[in-house]
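# Residue-level structural notes
Chain by chain, the residues run as shown.
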Amino acid sequence: DMHLLKLNTNVADNVALVYPIDIYTFDAQGTEQVHLSVNSLDEPVEFTLPMGSYTIMAVSGSMDFSKGYSTEPLIIGKTTCLLDKSGATANLTMKYAVARLSVTLADVSADASDVKVRVDSLYGSIDINGNLGQGRNVELSCKKKNSYWVTDTVYVLPSVADKVSLTIIHSTDKTTSKNYSYVYPNAIKAGYPYNFHGSYMSGVNYAKLSFSLDVEDWGEEVNHDFAFGDGAD
């Protein structure tokens, strides 16, 4: 016999959904039973299914992290429910599954022709069950804007470890690339925007490091300043 399952979807504070939203229903064995694509959450989504235990996933945004990052946020909700002969209503909350990331570099050598930032190591994939894949390094190209080199704002999966290494790869027309590394002493977590601000230091025996938090959309915005270069510790 088929019975009615209703899905009420809530959205966490400051989360902006990307439509359409794909909704997947899996039985207790992990077999996909229903896949719907909806363009509105104004009304509850309804399924007719046999009695049993189900896991429901709702996915908004791109799950393609083949480049190590996405240009749009990924928002996921997951819930489980038991459907009996009287039917059931499942409640699901959509939350960011990614972090928002940008890097700005100051005082880079004037002869720099190509600047990249490598972030080690972030989870490299996510499936429709919300399972994270193996870690990988993500390389972001910088563009020169006035006196700064900046990356695009991208969306990345969380970090594998509780510390993250940033490597600045600096090339000129005349020389091979030169690398500078900095270790951010915290994890990158889903739901937070991270703005890294790096400054090159040359021939100095100390490095300045500051950390501040400002409230914006998403979670608390993480603005992190760091030094890199021959004079940085």
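In this report, we go over the structure that sits alongside the text. (Residues numbered from 1 in each chain as written. Predicted model: local features only at pLDDT ≥ 70, side-chain atom pairs only at ≥ 80, totals over all residues. Heavy atoms only, no water.)

### Side note on the overall build of the protein chain
Secondary structure summary: the protein chain contains zero helices and 17 strands in total. Partitioning the contacts of the protein chain with sequence separation of at least 6, the portion at a separation of at least 24 is 66%. For the protein chain, the exposed area adds up to about 12100 Å²; of that, 44% sits on carbon and sulfur atoms. (Helix = DSSP H or I, 4+ residues; strand = E, 2+ residues; numbered from the N terminus. Contact = heavy atoms within 4.5 Å. Areas by Shrake-Rupley, 256 points an atom, 1.4 Å probe, with all protein chains shown as cover.)

### Structural notes on unusual backbone geometry
Between Y19 and the following residue, P20, the backbone shows a cis peptide bond with an omega angle of 0 degrees. In this model, D107 sits at a positive phi of 60 degrees, which is unusual for a non-glycine residue. In this structure, D107 sits in the loop between β8 (99-106) and β9 (112-123). Here N146, not a glycine, exhibits a phi torsion of approximately 60 degrees, which is positive. By the secondary structure assignment, N146 is in the loop between β10 (135-145) and β11 (148-151). For N146, a relative accessible area of 74% translates into the label exposed. (Buried < 20%, exposed > 50% of the residue type's maximum accessible area, 1.4 Å probe, protein only.)

### Examining the pattern of salt bridges
Opposite charge on two side chains lets them pair, provided their charged atoms get close. Scanning the model with the defined rule gives three salt bridges in all. For D120, the salt bridge identified is with R118, shortest N-O distance 3.3 Å. Accessibility expressed as a relative area gives 24% for R118, which makes it partly exposed. For D152, the salt bridge goes to K143, with nearest N and O atoms at 3.8 Å. (Salt bridge = Lys/Arg side-chain N within 4 Å of Asp/Glu carboxyl O.)

Purely geometric numbers; function is a separate question.
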